[in-house]
Amino acid sequence: PLRRQWLRIAADLGVRVEVGTHAAASRGRLPEGGRLAIIDESQHFRTPGARRYLHTARWLVGRRALLLSATPVVNRLDDLIAQLKPLIEEV
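Predicted model, so just to flag it, every value in this text is computed and none were measured. (Residues numbered from 1 in each chain as written. Predicted model: local features only at pLDDT ≥ 70, side-chain atom pairs only at ≥ 80, totals over all residues. Heavy atoms only, no water.)

A.B. asks: Run through the nonpolar core, naming residues and quoting values.
C.D. replies: Core analysis: the largest hydrophobic core is formed by nine residues, namely Ala25, Ala37, Ile39, Phe45, Tyr53, Ala57, Trp59, Leu60 and Ala82. Listing elements by their share of this core, those giving two or more residues are β1 (36-40) and α3 (51-60). At four residues, the largest contribution of residues to this core is made by α3. Beyond its immediate stretch of four places on either side in the chain, isoleucine 39 contacts Phe45, Thr56, Leu60, Leu66, Leu67 and Leu68. (Core = buried A, V, L, I, M, F, W, Y, C linked by side-chain atoms within 4.5 Å. Buried < 20%, exposed > 50% of the residue type's maximum accessible area, 1.4 Å probe, protein only. Helix = DSSP H or I, 4+ residues; strand = E, 2+ residues; numbered from the N terminus. Contact = heavy atoms within 4.5 Å.)

A.B. asks: Describe the pattern of salt bridges, listing the residues and the values that go with them.
C.D. replies: A complete count under the given rule lists four salt bridges for this structure. Here glutamate 18 and arginine 16 are joined by a salt bridge, their closest N and O atoms 3.8 Å apart. A relative accessible area of 39% means that glutamate 18 is categorised as partly exposed. The salt bridge partner of aspartate 79 is arginine 76, with a shortest N-O separation of 3.7 Å. Residue classification places aspartate 79 among the buried positions, given a relative accessible area of 2%. Among the ionic contacts, a cluster of salt bridges with common partners joins Arg46, Arg76, Asp78 and Asp79. (Salt bridge = Lys/Arg side-chain N within 4 Å of Asp/Glu carboxyl O.)

Structural data, given as structure tokens:
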């Protein structure tokens, strides 16, 4: 449902975007190109051993990112650190 929302808003604004999904990231399928990544529901990228985390962390290298989450700290502060780590160092 978020994918459709992002595409509709981008179209309304006349902004070209490529939208990926958490499920696609788990399979290593991430959008092509782009210097800015917006990761909605970023709390889903808090487990460094998960496939979606590993694929996304590598993909983020060299990009700027905006992480969106209403619940960035799910269980412990390490959840937030794990989300931010790919943005400051190579994984």
